[in-house]
Amino acid sequence: IYILKNMLVKLLFIFSIIFTIHNNAFTKLLEEENNFLSTQFNGQIPKKKRLIIKKDTKVLLQKIMGDKYNKRIFSYWKKDNSTIWILNSIGKYKPITAGFIIQDCKIKSSHVLVYREQIGYEIKYPNFLLQFTDAELNSSMDLNIRVDNISGATLSVNSMERMAKTSLLLNNLSDENTCNKN
């Protein structure tokens with residue numbers, strides 16, 4: 001019984017450490033999102049909206065993000081003619097959190113909110129992110145612009161491209177979309 005009790009105490013200790021680390025990471029993510037939204041909306045963050053992907057449009061999303069991508073509910077914020085999408089995509093090993101501001105059916109600006117990888121951090125720099133400005137999604141679900149790669153950051157660059165395409169697709173699918181409505 002003593003050995004069992006000792007093992008239980010160790011397991012509880014390990015779970016408490018994991019919970020604390022996970023909770024701190026989640027808090028940091030929320031802080032980054034709130035700071036980003038507050039900056040973009042001049043301190044007046046509009047109410048969060050949700051977009052639920054139906055089965056027929058899930059195929060379009062998987063064409064961009066990959067066949068195993070199963071996320072179905074996306075949050076976004078809309079004010080005037082700007083929509084902000086905050087998305088996550090795996091770089092090499094860890095997720096990258098990025099925000100995309102869509103205006104007039106084009107990416108107005110892109111921002112890396114949280115970068116968790118050890119290498120490839122150059123995608124956070126304005127010179128790289130400016131490449132996405134005015135990008136649109138064409139009929140074959142590709143960006144109408146060419147994004148220059150960064151040596152040593154290919155997977156992170158690909159991840160940003162996928163998220164840019166996804167933000168434009170989600171914007172087109174949202175109720176607020178005026179791009180393709182007749």
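To be clear, the structure that these remarks concern was listed above.
Residues numbered from 1 in each chain as written. Predicted model: local features only at pLDDT ≥ 70, side-chain atom pairs only at ≥ 80, totals over all residues. Heavy atoms only, no water.

**Focus on the sheet that holds strand β4 (residues 95-103)**
Thought 1: Judged by pairing direction, the sheet is antiparallel, and its five strands sit side by side in the order β1-β2-β3-β4-β5 without closing on themselves. For this open sheet the edge positions go to β1 (49-52) and β5 (106-115), each flanked by a neighbour on one side alone. Averaged over all neighbouring strand pairs, the angle between strand axes comes to 30 degrees, with direction disregarded.
Thought 2: Relative to strand β2 (residues 73-79), β1 is paired through four bridges, and the arrangement is antiparallel. What sits directly across from Ile52, in β2, is Ile73.
Thought 3: Its contacts with the sheet place helix α4 (residues 154-173) against β1, β2, β3 (82-90), β4 and β5, and it is angled at close to 140 degrees to β3. (Pairing = 2+ DSSP bridges. Helix = DSSP H or I, 4+ residues; strand = E, 2+ residues; numbered from the N terminus. Axes fitted to C-alpha atoms, helices over the stretch in contact; angles between N-to-C directions. Contact = heavy atoms within 4.5 Å.)

**Description of the packing of helix α2 (residues 55-65) against α4**
Thought 1: α4 packs onto α2 with a crossing angle of 165 degrees between their chain directions and a minimal axis gap of 9 Å. Between α2 and α4, the angle falls in the class roughly antiparallel. Once α2 is placed against α4, the crossing between them reads as right-handed. Where α2 abuts α4, its residues Thr57, Leu60, Leu61, Ile64 and Met65 lie against Arg162, Lys165, Thr166, Leu169 and Leu173.
Thought 2: Class assignment for the residues of the contact of α2 with α4 results in six nonpolar, two polar and two charged. (Parallel < 35°, antiparallel > 145°, perpendicular 65-115°, else oblique. Left-handed = near helix turned anticlockwise from the far one by under 90°. Nonpolar A, V, L, I, M, F, W, Y, C, P; charged D, E, K, R; others polar.)

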